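# Descriptive structure summary
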Amino acid sequence: MEIYNISFELALKVHAVSLKFPEFELYEQGSQIRRSSKRIKDTIAEGYGRRRYKAEYIRFLIFAHASCDEANSQLDMLIILYPEIKEFAELKIPYENLGGKINNYIQYVEKNWRT
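To keep things clear, this report deals only with the structure shown in the data block. (Residues numbered from 1 in each chain as written. Predicted model: local features only at pLDDT ≥ 70, side-chain atom pairs only at ≥ 80, totals over all residues. Heavy atoms only, no water.)

Counted by the stated rule, this structure contains eight aromatic pairs. Relative to Tyr 105, the ring of Tyr 57 lies with its centre 6.1 Å away and its plane at 80°, an arrangement referred to as edge-to-face. Within this pair, whereas Tyr 57 is found in helix 3 (residues 54-81), its partner Tyr 105 is found in helix 4 (residues 87-112), the two being separated by 48 residues in sequence. For Tyr 57, a relative accessible area of 0% gives the class buried. The interplanar angle of 20° and the centroid separation of 6.1 Å between the aromatic rings of Tyr 105 and Tyr 108 together place this pair among those described as stacked. Of this pair, Tyr 105 and Tyr 108 both sit in helix 4, three residues apart, which is roughly one turn of that helix. When its relative accessible area of 42% is taken as the criterion, Tyr 108 is described as partly exposed. Above the ring of Tyr 48, the side-chain terminus of Arg 51 is found at 3.9 Å from the ring centroid. (Phe/Tyr/Trp six-rings, centres within 6.5 Å; stacked < 30°, edge-to-face > 60°. Helix = DSSP H or I, 4+ residues; strand = E, 2+ residues; numbered from the N terminus. Buried < 20%, exposed > 50% of the residue type's maximum accessible area, 1.4 Å probe, protein only. Lys NZ or Arg CZ within 6 Å of the ring centre and 35° of its normal.)

Turning to its location among the elements, Phe 60 is positioned in helix 3. Classification of Phe 60 by relative accessible area gives buried; the value is 7%. In the structure, Phe 60 is positioned 18 residues away from Asp 42 in sequence and 9.8 Å away in space, judged by C-alpha atoms. In this structure Phe 60 touches Thr 43, Glu 46, Gly 47 and Arg 50, once residues within four positions along its chain are discounted. (Contact = heavy atoms within 4.5 Å.)

Before going further, it helps to spend a moment on the packing of helix 1 (residues 2-18) against helix 4. Close contact between helix 1 and helix 4 brings their axes to 10 Å; oriented N to C, the two are set at 160°. It follows from the interaxial angle that helix 1 and helix 4 lie roughly antiparallel. Relative to helix 4, helix 1 is oriented so that their crossing is left-handed. Within the contact between the two elements, helix 1 uses Glu 2, Ile 3, Ile 6, Ser 7, Leu 10, Ala 11, Lys 13, Val 14, Val 17 and Ser 18 and helix 4 uses Glu 87, Phe 88, Leu 91, Pro 94, Tyr 95, Leu 98, Lys 101, Ile 102 and Tyr 105. In terms of residue class, the contact of helix 1 with helix 4 is built from 13 nonpolar, two polar and four charged. (Axes fitted to C-alpha atoms, helices over the stretch in contact; angles between N-to-C directions. Parallel < 35°, antiparallel > 145°, perpendicular 65-115°, else oblique. Left-handed = near helix turned anticlockwise from the far one by under 90°. Nonpolar A, V, L, I, M, F, W, Y, C, P; charged D, E, K, R; others polar.)

Next up, the structure:
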């Protein structure tokens, strides 16, 4: 599934970039951005496991979208706090695009998914 693959790749990138933080920040902002980015793919996977139940599937996709919003919010903060780590700014548009794709997929499932 495209949204899973994109979220997986972005989580890998976030993980690698977050390791560039100063040591004191690895367990604060670093942990937060890693968890929110990884939660997107995990929630998509968990929802897919419940795809037999349309409402349940949509609920998990909505959770994944919310985690994407959280990752975007974290990126906004990190771009300001650590402008020298340019990769955070480079991740902003891909995360915004992912949010749009998740939203479009939710709409598709709402209209077309058969239980």
